[in-house]
Amino acid sequence: MSSANRTVDRLRPFTTTIFAEMSALAVEHDAVNLGQGFPDTDGPASMLDAAREAISDGRNQYPPGIGVPELRHAVARQQRDRYGLDYDPDREVLITVGATEAIAGAVVGLVEPGDEVIMIEPYYDAYAAAVAMAGGVRRVVPLVPDGDGFRLDRERLAAAFGPKTSMVVVNSPHNPTGTVLSTDDLAEIARLCVEHDVIAVTDEVYEYLVFDGRTHTPLAALPGMRERTLRISSSGKTFNCTGWKVGWVSGPPELVGAARTAKQYMSYVGSGPFQPAVAHALEHELDWVRESARGLQAKRDLISTALSDAGFVVHRSEATYFVCADPRPLGVDDGIEFCRTLPERIGVAAVPVCVFTDDREPWHHMLRFAFAKRDDVIAEAAERLRRL
């Protein structure tokens with residue numbers, strides 16, 4: 001058999017990820033890894049204890065296909081109490097192997113070959129891969145500069161909707177820019193979805209991690225959207241347990257059912273003993289989450305100051321783990337090449353934002369830095385950045 005690449009054409013652009021490349025460079029050069037978005041501290045102690053207890057109690061076999069009852073009920077209560085969204089935990093909540101599987105299940109289960117899927121650019125790379133697996137066609141709508149932050153290009157958004165549009169994927173709070181979509185942006189998305197009878201899939205994994213007194217509004221809470229939205233979130237970013245891969249989908253039964261049909265042939269089930277632990281955290285550790293968000297806001301300020309002192313133009317981060325910075329004042333306009341040399345040059349790893357786009361030109365210079373790290377790690381990164 002030939003040793004040539006046998007991956008199907010539609011998936012060849014996704015054979016490797018920028019996160020793997022930058023993390024490998026960070027290891028090779030003993031760099032501070034501000035590229036990949038994971039925390040370096042554990043979540044609440046009682047959640048970890050609950051996982052140990054579940055393992056000791058023998059909850060180590062296949063959980064129910066839709067997820068353990070206590071987690072589905074906890075997810076439903078969380079959304080009702082926080083947003084006034086009432087979901088039936090037995091028909092309208094599905095537990096998944098992280099939010100990434102939830103996204104893949106939703107796209108593969110609902111998008112026919114040739115259907116168009118609208119995504120906000122820059123986009124998390126898993127969205128594009130899921131659309132490719134479904135045989136769909138992605139159409140991107142950019143975020144555009146708004147002072148020191150970003151907003152949705154609503155004119156381009158309206159132009160993207162058409163007779164072949166079957167889905168829009170909405171990520172807010174937004175990775176990689178840290179943008180929280182405004183009320184006007186969300187209202188325009190909702191208006192267009194209702195007008196064109198389009199399904200929305202919303203990635204809201206950073207729903208709790210918003211800063212400066214902002215609040216998160218789910219698209220599903222807007223008029224006409226509850227019945228056409230699959231709302232996705234997870235425990236990984238909320239409770240600092242990204243390796244557990246416990247996510248969930250909420251929405252009307254027919255949409256959740258479509259996602260489940262695809263999902264059950266991806267992983268079937270997963271994270272058996274971790275599901276009751278996440279249920280415990282949703283019920284008992286939201287104060288920990290609020291304190292975590294306050295800590296992340298302080299970390300955002302630390303890395304933003306360090307980047308500014310090093311000569312970057314720093315963009316506003318309103319939420320998430322990430323801040324974007326412009327290195328052009330340092331004489332740099334190629335973000336990919338700069339990121340590939342940065343670990344060896346000063347011992348810091350970041351990721352170029354343009355790899356999350358179809359139209360790279362407006363983003364070719366931009367870098368994303370992750371700040372969900374211990375303060376001493378951020379301080380070390382700041383010291384190394386000064387070498388620039």
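Residues numbered from 1 in each chain as written. Predicted model: local features only at pLDDT ≥ 70, side-chain atom pairs only at ≥ 80, totals over all residues. Heavy atoms only, no water.

You'll find the protein entered in an unreviewed UniProt entry as Pyridoxal phosphate-dependent aminotransferase, with Gordonia hongkongensis given as the organism. Here is the UniProt Sequence similarities (unreviewed entry) comment for the protein, exactly as written: "Belongs to the class-I pyridoxal-phosphate-dependent aminotransferase family." The annotation that UniProt attaches to the protein under Cofactor (unreviewed entry) is "pyridoxal 5'-phosphate". (UniProt positions renumbered as here; feature names shortened; annotations may be inferred.)

Asks: Got a sec to walk through unusual backbone geometry? Specific residues and values, please.
Replies: The omega torsion of the bond from glutamate 121 to proline 122 falls at 5°, within 30 degrees of zero and hence cis. Topologically, proline 122 is positioned in the loop between strand S3 (116-121) and helix H5 (125-134). Looking along the chain, the bond that leaves asparagine 175 and enters proline 176 is cis, with omega of 25°. Note on placement: proline 176 falls in the loop between strand S6 (165-171) and helix H7 (183-196). (Helix = DSSP H or I, 4+ residues; strand = E, 2+ residues; numbered from the N terminus.)

Asks: Can you break down the packing of helix H10 (residues 286-310) against helix H12 (residues 375-385) residue by residue, with the values?
Replies: With their axes 9 Å apart at the nearest point, H10 and H12 run at an angle of 5° to one another. One finds that H10 runs roughly parallel with respect to H12. Here Lys299, Leu302, Ile303, Ala306, Leu307 and Ala310 of H10 lie close against H12, whose contacting residues are Asp375, Ile378, Ala382 and Leu385. Residues belonging to the contact of H10 with H12 are distributed by class as follows: eight nonpolar, no polar and two charged. (Axes fitted to C-alpha atoms, helices over the stretch in contact; angles between N-to-C directions. Parallel < 35°, antiparallel > 145°, perpendicular 65-115°, else oblique. Contact = heavy atoms within 4.5 Å. Nonpolar A, V, L, I, M, F, W, Y, C, P; charged D, E, K, R; others polar.)

Asks: Residue-level account of the side chain of glutamate 207, with values.
Replies: As for its placement among the helices and strands, glutamate 207 is situated in the loop between strand S7 (199-203) and strand S8 (229-234). Here the side chain of glutamate 207 touches arginine 231 through a polar contact of 2.6 Å, side chain to side chain. At 2.6 Å, the side chain of glutamate 207 forms a polar contact with the side chain of serine 233. (Polar contact = N/O pair within 3.5 Å; in protein donor to acceptor, adjacent residues only side chain to side chain.)

Asks: So what about the nonpolar core? Which residues, and what values?
Replies: Grouped together as the largest cluster of nonpolar side chains are 97 residues, with contacts concentrated most on Leu71, Met119, Leu230, Trp244, Phe312, Phe369 and Leu385. Residues Phe161, Ile189, Leu219 and Met366 belong to the second largest nonpolar core, which totals 28 residues. (Core = buried A, V, L, I, M, F, W, Y, C linked by side-chain atoms within 4.5 Å. Buried < 20%, exposed > 50% of the residue type's maximum accessible area, 1.4 Å probe, protein only.)

Asks: Break down a nonpolar patch on the surface for me, with residues and values.
Replies: On the surface, Val108, Met133 and Met266 cluster together into a nonpolar patch covering about 230 Å² of accessible area. As for its placement among the helices and strands, valine 108 is situated in helix H4 (residues 98-110). Its relative accessible area of 31% is what places valine 108 among the partly exposed residues. (Patch = residues over 30% accessible without salt bridge, like charges linked within 9 Å, V, L, I, M, F, W, Y side chains within 5 Å. Areas by Shrake-Rupley, 256 points an atom, 1.4 Å probe, with all protein chains shown as cover. Salt bridge = Lys/Arg side-chain N within 4 Å of Asp/Glu carboxyl O.)

Asks: For the packing of aromatic side chains, give the residues involved together with the corresponding values.
Replies: The final tally for this structure, using the stated rule, is 11 aromatic pairs. Ring centres 6.2 Å apart and planes at 50° place the aromatic pair phenylalanine 211 and phenylalanine 371 in the tilted group. Here phenylalanine 371 lies in the loop between strand S14 (367-370) and H12 and phenylalanine 211 lies in the loop between S7 and S8, a separation of 160 residues in the sequence. The exposure classification of phenylalanine 211 matches that of phenylalanine 371, with both residues buried. For the pair tryptophan 244 and phenylalanine 274, a centre-to-centre distance of 4.4 Å together with 15° between the ring planes defines the contact as stacked. Note that tryptophan 244 is positioned in the loop between S8 and strand S9 (247-250) and phenylalanine 274 in helix H9 (residues 274-284), a separation of 30 residues in sequence. (Phe/Tyr/Trp six-rings, centres within 6.5 Å; stacked < 30°, edge-to-face > 60°.)

Asks: Run through H4, naming residues and quoting values.
Replies: The α-helix advances 3.6 residues per turn, and as a result positions three or four apart in sequence lie on the same side. Here H4 contains 13 residues, and its C-alpha end-to-end distance of 19 Å stays within 8% of the 18 Å for a straight helix at 1.5 Å per residue. With 10 of its 13 residues buried, H4 lies for the most part within the structure. When H4 is considered as a whole, its buried residues turn out to be Gly98, Ala99, Glu101, Ala102, Ile103, Ala104, Gly105, Ala106, Val107 and Leu110. (Expected span 1.5 Å × (residues − 1).)

Asks: Before we move on, can you summarise the pattern of salt bridges with the specific residues and values?
Replies: Evaluation of the coordinates by the stated rule reveals 32 salt bridges. One salt bridge connects glutamate 188 with arginine 191, and the closest N-O pair in it is separated by 2.9 Å. Of the two residues, glutamate 188 and arginine 191 both sit in helix H7, three residues apart, roughly one turn of that helix. On the accessibility criterion, glutamate 188 (16% relative accessible area) is buried. A salt bridge links glutamate 291 to arginine 294, with the nearest nitrogen and oxygen atoms 2.7 Å apart. In this pair, glutamate 291 and arginine 294 both sit in helix H10, three residues apart, roughly one turn of the helix. Taking the relative accessible area as the measure of exposure, glutamate 291 reaches 46% and is therefore partly exposed. Among the charged side chains, a network of salt bridges with common partners joins Asp148, Asp212, Arg214, Arg300, Asp301, Arg316 and Glu318.

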